[in-house]
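Per-entry structural report
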Amino acid sequence: MTSPILDCAPFREQLLGMASALPEVPRADLYGFLGTAKQLSGGLPAELSKGLDEFNVNGNQDGYLLLTGLPVESEAELPPTPTSAPTPEDRRLLNMEAMLAVVGGRLGLLTGYDQGYGNRRSRSVLHELYPAPDAHPLSGGTTETQLEFHSDLNHHALQPNYIILSCSRADHERRAATVISSIRNALPRLGDEVKNRLFDRELPRPVGVTFGDRVEDPEVTAVVRPLHGDVDDPHLGYDRSILTAEEPADKEALAALSRALDDVAEEVQLVPGALLIIDNFRTAHARRPFTARWDGKDRWLHRAYVRTDRDGQLSGGERAGDVVDFVPRR
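Remember, it's a predicted structure, so these values are computed and weren't measured experimentally. (Residues numbered from 1 in each chain as written. Predicted model: local features only at pLDDT ≥ 70, side-chain atom pairs only at ≥ 80, totals over all residues. Heavy atoms only, no water.)

To continue, consider the overall build of the protein chain. Counting secondary structure elements, the protein chain contains seven helices and 16 strands. Scaling as 2.2 N^0.38, a compact globule of 330 residues should have a C-alpha radius of gyration of about 20 Å, and the protein chain matches this with 19 Å. Projecting the C-alpha coordinates of the protein chain onto the three principal axes gives extents of approximately 55 × 40 × 40 Å. Split into buried and exposed, the 330 residues of the protein chain put 55% on the buried side. For the protein chain, the share of sequence-separated contacts (at least 6 apart) that also reach a separation of at least 24 residues comes to 83%. Surface summary for the protein chain: the accessible area is close to 14,100 Å², and the carbon and sulfur share equals 48%. In the protein chain, 36 positive and 50 negative side-chain charges are present, and the distance between their average locations comes to 1 Å. (Helix = DSSP H or I, 4+ residues; strand = E, 2+ residues; numbered from the N terminus. Rg over C-alpha atoms; globule rule 2.2 N^0.38 Å. Buried < 20%, exposed > 50% of the residue type's maximum accessible area, 1.4 Å probe, protein only. Contact = heavy atoms within 4.5 Å. Areas by Shrake-Rupley, 256 points an atom, 1.4 Å probe, with all protein chains shown as cover. Lys, Arg positive; Asp, Glu negative; His and termini not counted. Charge placed at Lys NZ, Arg CZ, Asp CG, Glu CD.)

Okay, the packing of aromatic side chains next. Two aromatic rings, taken as a pair, are described by how far apart their centres are and by the angle between their planes. One pass over the structure, following the stated rule, counts two aromatic pairs. Where Phe 55 meets Tyr 162, the ring centres are 5.8 Å apart and the plane angle is 35°; that geometry is what we call tilted. Of this pair, Phe 55 sits in helix H3 (residues 46–58) while Tyr 162 sits in strand E6 (residues 162–169); the two residues are 107 residues apart in sequence, bridging distant segments of the chain. Given the relative accessible area of 0%, Phe 55 is considered buried. Taking relative accessible area as the criterion, Tyr 162 reaches 1% and is therefore assigned buried. (Phe/Tyr/Trp six-rings, centres within 6.5 Å; stacked < 30°, edge-to-face > 60°.)

What follows covers the pattern of salt bridges. Taken as a whole, this structure holds 21 salt bridges when the rule is applied. A salt bridge links Asp 53 to Arg 106; the nearest nitrogen and oxygen atoms lie 2.6 Å apart. Note that Asp 53 is positioned in helix H3 and Arg 106 in helix H4 (residues 95–107), a separation of 53 residues in sequence. Here Asp 53 falls in the partly exposed class, since its relative accessible area comes to 29%. (Salt bridge = Lys/Arg side-chain N within 4 Å of Asp/Glu carboxyl O.)

Another point: helix H2 (residues 30–41). Over its twelve residues, H2 runs 16 Å from end to end, which matches the ideal 16 Å to within 8%, given 1.5 Å per residue. Of the positions making up H2, those classed as buried are Phe 33, Leu 34, Ala 37 and Ser 41. Taken around the axis of H2, the buried residues stretch over an arc of 90°, which confines them to a single face. Buried-residue contacts for H2 involve H4 and strand E3 (109–113). (Expected span 1.5 Å × (residues − 1). Arc of directions from axis to C-beta.)

Overall, antiparallel pairing links the four strands, which are arranged E5-E14-E7-E12 in an open sheet. This sheet does not close on itself; its edge strands, each paired only once, are strand E5 (147–150) and strand E12 (266–268). Recorded for the sheet is a direction-independent mean angle of 20° between the axes of neighbouring strands. (Pairing = 2+ DSSP bridges. Axes fitted to C-alpha atoms, helices over the stretch in contact; angles between N-to-C directions.)

As a further point, take the environment of Pro 82. Following the sequence through the fold, Pro 82 ends up in the loop between strand E2 (64–68) and H4. Separated by 212 residues in the primary sequence, Pro 82 and Trp 294 place their C-alpha atoms 9.6 Å from one another. With sequence-adjacent residues up to four places away left out, Pro 82 is seen in contact with Arg 91, Glu 128, Tyr 130, Pro 131 and Trp 300.

A few words on the pairing of strand E10 (residues 227–230). Sheet topology note: the E10/strand E11 (residues 233–236) ladder contains four bridges and is antiparallel. In the strand pairing of E11, Asp 230 is matched with Asp 233. Taking the residues that link successive antiparallel strands as the turn, the E10-E11 hairpin has two residues.

Close contact between H3 and H4 brings their axes to 9 Å; oriented N to C, the two are set at 50°. When the interaxial angle is binned, H3 and H4 end up oblique. At the point where H3 passes H4, the crossing takes the right-handed sense. Residues Ser 49, Leu 52, Asp 53 and Asn 56 of H3 touch H4, and the partners they reach there are Val 103, Arg 106 and Leu 107. Of the residues that constitute the contact of H3 with H4, the class distribution is three nonpolar, two polar and two charged. (Parallel < 35°, antiparallel > 145°, perpendicular 65-115°, else oblique. Left-handed = near helix turned anticlockwise from the far one by under 90°. Nonpolar A, V, L, I, M, F, W, Y, C, P; charged D, E, K, R; others polar.)

Chemically, a disulfide is nothing more than a covalent bond linking the sulfur atoms of two cysteines. According to the stated counting rule, one finds zero disulfides in the structure shown. Free cysteine: Cys 167, not disulfide-bonded; nearest cysteine sulfur from Cys 8 at 14 Å. Take Cys 167: its relative accessible area is 0%, and that puts it in the buried class. (Disulfide = S-S within 2.5 Å.)

Estimated volume of the second largest pocket: approximately 190 Å³. Around the second largest pocket, the lining is made up of 15 residues, and of these Gln 159, His 228, His 235, Asp 311 and Arg 329 lie nearest the centre. Class assignment of the residues belonging to the lining of the second largest pocket gives a composition of four nonpolar, eight polar and three charged. (1 Å grid on protein atoms, 1.4 Å probe; cavity = no way out; pocket = protein on both sides within 12 Å on 5 of 7 lines; lining within 4 Å. Points joined across faces, edges and corners; volume = space filled by probe spheres on them.)

The subject of this paragraph is the side chain of Gln 313. Within the secondary structure layout, Gln 313 lies in the loop between strand E15 (300–307) and strand E16 (323–324). A polar side-chain atom of Gln 313 sits 2.8 Å from the main-chain amide nitrogen of Thr 308. Sequence-distant contacts of Gln 313, defined by excluding residues within four places in its chain, comprise Leu 158, Gln 159, Pro 160, Asn 161, Phe 281, Arg 307, Thr 308 and Glu 318. (Polar contact = N/O pair within 3.5 Å; in protein donor to acceptor, adjacent residues only side chain to side chain.)

See the structure below:
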């Protein structure tokens, strides 16, 4: 597979049938809902199944797969975009939630995480991203702030393999592009000295920093390795807003990595009916700022993390719908 984009419009009716076969109220019995979604994923259209399975084996050069033309409610059928958490337990299933669950079930296990921030909302399995009043500038609820390049949960020992984002509503001006940079594209731009410096280099990452409470207690400080795994095809651990270094050589190497990620960045516009799968081991992603209107029709995404049987994410007995306790990466 060469293109990172799959047009799913020809499968619309079949996918709508799958959505209608799912429980109508997913949060009433999340394990049951996700178990059914995983079963249904075995009947996805052959072309879509092949694309997902190929991506799941070893990713691709660009680090993402974009599905377009998925079934989404009309604007008149969609409820207003939320403005606050939590999602009502009795809310009926939306089509793009159904697509997220079925596609995620094909890839692995949808999983919730205690992210170590003391933030109970982070333990949800099915997340929602929308403008939120007074959102922290590094959170997904912010709008006017650029979210800088990062890989999600790089400080967690069981970092998820994939991030899935599905879109029920786009922002009004279509400015909120998701920006993705693949280490497979960036690596050739790094000199050997930089690669050698960053490979398996342990940099401290205070866990509480994301929500402003800088924590110096070593018990809640994780270790992030900017490049790790296979030296010729490494994984990426990166967060431009948080990851820092003390030694000049480390600072220079991180700056070189930052420039390389900028050089290979690709913008992806999430529009209604689009679903984006991000390889969370081999990319960093960002989001352009946009303007919320607070009119009930602001940007509305659904998000989930997916674990697979690679890189020690699973030990046996796990189920889709589990919530993983926080374990700092060491």
